[in-house]
Amino acid sequence: MRIPTICKRVIFVFLILAACISLIQGLNNAIIRPDGSQDNQWGPSRSLLEHTDPYVAYLDPIGNSPFTLSQNPNYPASGLVFLWAYAVWKWSTAKVLWAFSNVLFTLMIFFCLFRLLPPNATSTTKLLLVTLFLMGTPWRNGVGNGQHAIFTLSFFLLAVVMLSRNDKSAGIPLAVSWFKYTIAFPLSLFFARSKRGWTTILVAAAIHVALTIFVAVWVGTSPVNLLLGPIQVAQSATGRGYLDVFAIASEFGLSSRLVPTVFALVILGITYVAVRRDADKLSCLSTLSIAAMTVAFHAGYDFVVLVIPLSYALRERAINIRAKYYLLLIGMIWFVDKIIYVVSNKAWFSPLVGFLSLYFWIKVFVFYGALCTDWFIAFKSRTGITESTLIGLN
């Protein structure tokens with residue numbers, strides 16, 4: 001069924017206006033709101049710049065942490081160096097610079113994704129990708145909270161685009177992306193599929209080793225202490241996740257981290273085997289982006305990585321089962337979640353509070369269903385079963 005041209009234009013105008021409103025709201029939350037950009041690592045980066053170990057400062061036994069808002073130093077010291085360009089400014093200026101930098105990082109994401117799309121990708125596909133991403137709650141909250149997922153994703157995708165031209169140079173943006181390692185490390189399995197990719201990984205690793213040694217000398221501590229610092233902070237500064245294996249374990253009442261850790265490693269192992277022969281970059285990255293959200297603590301704003309599966313789904317015009325799963329998942333996390341959150345805070349919703357638990361498990365089913373579907377198709381495609389066959393089975 002073809003949509004009349006006038007209807008398309010009305011829809012596009014609506015999407016563009018909604019995206020602009022979301023962009024303005026995100027910047028407003030980051031800059032104008034008193035507690036805006038609260039998660040930004042300006043404090044720990046500034047502390048490091050001033051020759052102070054941010055992890056020791058945060059874990060002060062007396063409880064005199066120098067960091068305000070939610071600026072807990074649970075990121076590697078070698079990564080905090082990348083933020084020194086912002087740390088040299090006072091906080092009121094730095095958060096403005098970071099907010100607008102996130103817009104630039106977003107443009108970098110679009111640039112890279114457009115490079116990964118087919119050359120004949122339509123303007124409609126690109127417009128949908130841009131507007132839906134900006135409209136999504138994860139992007140708006142990520143900017144408003146001063147988070148680093150957009151920053152990480154932009155440099156990771158830049159490394160992906162650069163790999164085919166210069167595997168060594170690609171190691172530089174990959175090293176920057178490792179700042180938020182809970183996202184970038186699982187995604188980096190993309191590079192572990194080829195010798196050129198391993199060269200990129202080794203360059204990135206060498207950069208972080210050099211920076212860690214430099215920072216250790218800079219603050220007068222051991223490199224080992226710097227490596228252990230983020231882990232020690234994360235144990236006390238990290239709350240409940242979103243849809244990761246640790247959040248699910250918490251929902252079951254499991255306090256031990258061993259069981260979800262084992263599941264996380266199994267997920268990574270299966271995912272790597274599933275994607276290692278996938279020549280389709282968007283397909284491979286889509287599976288990895290889903291897996292990345294399962295294996296470590298992630299809040300809702302980290303789900304900006306789903307812009308990769310969105311690109312895949314739009315490229316496939318939502319025809320195959322993977323694309324349909326992706327669109328359902330993105331719709332729930334990017335848009336329905338916000339509606340549920342607003343409605344659940346209304347007084348009349350109290351008798352329906354049990355619905356929130358049901359909705360959580362529905363999301364878990366869809367989310368892990370998408371990942372398992374990716375695995376199934378990847379393995380069965382080697383034995384002649386295609387996505388079309390899978391659709392027929394359903």
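Residues numbered from 1 in each chain as written. Predicted model: local features only at pLDDT ≥ 70, side-chain atom pairs only at ≥ 80, totals over all residues. Heavy atoms only, no water.

**Focus on the overall build of the protein chain**
In step 1: Of regular secondary structure, the protein chain possesses 20 helices and zero strands.
In step 2: Projected onto its principal axes, the C-alpha coordinates of the protein chain cover approximately 65 × 55 × 45 Å.
In step 3: Counting every position in the protein chain, which comprises 394 residues, the buried fraction comes to 51%.
In step 4: Taking all contacts inside the protein chain whose residues are at least 6 apart in sequence as the whole, residues at least 24 apart take part in 76%.
In step 5: Considering the protein chain, the positive charge centre built from 30 side chains and the negative charge centre built from 15 side chains are found 10 Å apart. (Helix = DSSP H or I, 4+ residues; strand = E, 2+ residues; numbered from the N terminus. Buried < 20%, exposed > 50% of the residue type's maximum accessible area, 1.4 Å probe, protein only. Contact = heavy atoms within 4.5 Å. Lys, Arg positive; Asp, Glu negative; His and termini not counted. Charge placed at Lys NZ, Arg CZ, Asp CG, Glu CD.)

**Some thoughts on the nonpolar core**
In step 1: One finds Phe-156, Leu-157, Phe-190, Phe-191, Phe-303, Val-307 and Trp-334 to be the most contacted residues of the largest nonpolar core, which totals 110 residues.
In step 2: Examining the composition of this core, we find that 11 residues originate from one element, helix H9 (residues 149-163), more than from any other.
In step 3: Other than its neighbours up to four places away in sequence, Val-307 contacts Ile-109, Leu-113, Leu-129, Phe-133, Leu-153 and Trp-334. (Core = buried A, V, L, I, M, F, W, Y, C linked by side-chain atoms within 4.5 Å.)

**Brief notes about helix H16 (residues 281-292)**
In step 1: In this model, H16 (12 residues) spans 16 Å end to end at C-alpha, consistent with the 16 Å of a helix rising 1.5 Å per residue.
In step 2: Within the span of H16, buried status applies to Leu-282, Ser-283, Cys-284, Leu-285, Ser-286, Thr-287, Leu-288, Ser-289, Ile-290, Ala-291 and Ala-292.
In step 3: Capping the start of H16 is the job of one residue whose side-chain oxygen sits 3.2 Å from the backbone nitrogen of Leu-282: Asp-280. (Expected span 1.5 Å × (residues − 1). Polar contact = N/O pair within 3.5 Å; in protein donor to acceptor, adjacent residues only side chain to side chain.)

**Digging into the side chain of His-208**
In step 1: Counting through the fold element by element, His-208 comes out in helix H12 (residues 195-219).
In step 2: Here Ala-175 takes part through its backbone oxygen, which lies 2.7 Å from a polar atom of the side chain of His-208.

**A short note on the packing of aromatic side chains**
In step 1: Inspection of the entire model under this criterion finds 28 aromatic pairs.
In step 2: Aromatic pair Trp-42 and Trp-91: ring centres 5.6 Å apart, planes at 45°, arrangement tilted. Placement of Trp-42 in helix H2 (residues 42-49) and of Trp-91 in helix H6 (residues 91-116) is noted, with a sequence separation of 49 residues between them. Across the pair, exposure class does not vary: Trp-42 and Trp-91 are buried alike. (Phe/Tyr/Trp six-rings, centres within 6.5 Å; stacked < 30°, edge-to-face > 60°.)

**Examining the confidence of the model for the protein chain**
In step 1: Put simply, the protein chain has an average pLDDT of 91, and 94% of its residues get 70 or more.
In step 2: Low pLDDT, under 50, characterises residues 388-394; the stretch is placed with eight contacts to residues that sit more than four places away or in other chains. (pLDDT = per-residue confidence, 0-100.)

**What to know about the packing of H16 against helix H17 (residues 307-315)**
In step 1: In contact at an axis separation of 8 Å, H16 and H17 are set at 140° when each is read in the N-to-C sense. Relative to H17, H16 is oriented oblique. The way H16 lies across H17 gives a crossing that is left-handed. Here Leu-282, Ser-283, Leu-285, Ser-286, Ser-289 and Ile-290 of H16 come into contact with H17, specifically with Ile-308, Pro-309, Ser-311, Tyr-312 and Arg-315.
In step 2: For the contact of H16 with H17, the residue count by class is six nonpolar, four polar and one charged. (Axes fitted to C-alpha atoms, helices over the stretch in contact; angles between N-to-C directions. Parallel < 35°, antiparallel > 145°, perpendicular 65-115°, else oblique. Left-handed = near helix turned anticlockwise from the far one by under 90°. Nonpolar A, V, L, I, M, F, W, Y, C, P; charged D, E, K, R; others polar.)

**A few points about the environment of Ser-283**
In step 1: Here Ser-283 is to be found in helix H16.
In step 2: Among the residues examined, Ser-283 registers a relative accessible area of 4% and is labelled buried.
In step 3: Measuring from C-alpha to C-alpha, the distance between Ser-283 and Gly-229 comes to 35 Å, with 54 residues separating the pair along the chain.
In step 4: When neighbours within four sequence positions are excluded, Ser-283 is seen to be in contact with Asp-278, Tyr-312 and Arg-322.

**Focus: the environment of Leu-228**
In step 1: Counting through the fold element by element, Leu-228 comes out in helix H13 (residues 223-237).
In step 2: Residue classification places Leu-228 among the partly exposed positions, given a relative accessible area of 40%.
In step 3: For the pair Leu-228 and Leu-153, spaced 75 residues apart in sequence, the C-alpha to C-alpha distance is 24 Å.

**Section: the pattern of salt bridges**
In step 1: Under the criterion given, the structure shown has seven salt bridges.
In step 2: Here Asp-280 and Arg-315 are joined by a salt bridge, their closest N and O atoms 2.6 Å apart. Taken together, the positions of Asp-280 in the loop between helix H15 (258-275) and H16 and Arg-315 in helix H17 put the pair 35 residues apart, joining distant regions of the chain.
In step 3: Residue class for Arg-315 comes out partly exposed when judged on its relative accessible area of 22%.
In step 4: Here Glu-316 and Arg-315 are joined by a salt bridge, their closest N and O atoms 2.8 Å apart.
In step 5: Since its relative accessible area comes to 24%, Glu-316 is described here as partly exposed.
In step 6: If you follow the salt bridges from partner to partner, you end up with Asp-280, Arg-315 and Glu-316 in one network. (Salt bridge = Lys/Arg side-chain N within 4 Å of Asp/Glu carboxyl O.)

**Observations regarding the packing of helix H1 (residues 5-31) against H6**
In step 1: With their axes 9 Å apart at the nearest point, H1 and H6 run at an angle of 155° to one another. One element, H1, and the other, H6, form an angle in the roughly antiparallel class. Judged by the sense of rotation from one axis to the other, the crossing of H1 with H6 is right-handed. The residues of H6 that touch H1, namely those facing Leu-27, Ala-30 and Ile-31, are Lys-95, Val-96, Ala-99, Phe-100 and Val-103.

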